[in-house]
Amino acid sequence: MGFFKKTRQTHARPNVPALVQVAALAIIMIRCLDVLMILNTLGVRGMGDFIHRSVQTWNLTLVFMSSLILVFIEIYAAFSLVKGRNGARWVYLLTQVIAASYLWAASLGYGYPELFSIAGGSKREILRSLVMQKLPDLLVLCLLFIPASSRRFFRLQ
């Protein structure tokens, strides 16, 4: 009859700060909005063409699958943030560094610029567009790392 056993907790778990909840929700909503915007821009037929183009060579398939895996890792990190896992915010930071680095490199001509790149005439324009595109993610990172309540929450978990 293990149903009536009391479990003891060694310490009280602090509530999740509102900033961490907002950051986790923002990560999920940003990724969902990205998918909806791509679907709206390309349409169903355009999505099929996009997937067909991205699986024509092994290198493009690797990039395409890696980007999908990166999105799933970001969403998993968002759910882990609410649970108070400190590693989740570092994983999210790492995913943003990887994504921004690849976009920057692909836009400068290293990689496959026709598939994953940012349009721009100069490095300055590309960097400005990249920063504007990554601004929501930078704000989420600020919510996770800068406020004292967020840092304290992850330190106590």
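Going by the structure above, here's the rest.
Trainee: Would you mind showing me how to read the overall build of the protein here?
Mentor: Broken down by element type, the protein carries five helices and zero strands. In sequence order, the protein lays out its α and β elements as α-α-α-α-α. Surface summary for the protein: the accessible area is close to 11,000 Å², and the carbon and sulfur share equals 68%.

Trainee: Can you walk me through the side chain of E74 in this structure?
Mentor: Relative to the helices and strands, E74 is located in helix α2 (residues 58–82). Given a relative accessible area of 3%, E74 falls into the buried group. Among the polar contacts made by the side chain of E74, one reaches the side chain of R31 at a distance of 2.3 Å. Other than its neighbours up to four places away in sequence, E74 contacts I27, R31, Y92, T95 and Q96.

Trainee: Would you mind going over helix α1 (residues 18–54) with me for this structure?
Mentor: A turn of α-helix holds 3.6 residues, and therefore any two residues three or four places apart point the same way. Its 37 residues place the ends of α1 only 39 Å apart at the C-alpha level, less than the 54 Å of an ideal helix rising 1.5 Å per residue. Its axis deflected by about 100 degrees at G43, α1 carries its strongest bend there. Considered for burial, the residues of α1 that qualify are V20, A23, A24, I27, I28, I30, R31, G46, F50 and S54. In this structure, the buried residues of α1 make contact with α2, α3 (86–107), α4 (123–145) and α5 (148–156).

Analysis parameters
- Residues numbered from 1 in each chain as written.
- Predicted model: local features only at pLDDT ≥ 70, side-chain atom pairs only at ≥ 80, totals over all residues.
- Heavy atoms only, no water.
- Helix = DSSP H or I, 4+ residues; strand = E, 2+ residues; numbered from the N terminus.
- Areas by Shrake-Rupley, 256 points an atom, 1.4 Å probe, with all protein chains shown as cover.
- Buried < 20%, exposed > 50% of the residue type's maximum accessible area, 1.4 Å probe, protein only.
- Polar contact = N/O pair within 3.5 Å; in protein donor to acceptor, adjacent residues only side chain to side chain.
- Contact = heavy atoms within 4.5 Å.
- Expected span 1.5 Å × (residues − 1).
- Bend = angle between axes of the 7 residues up to and from the residue.

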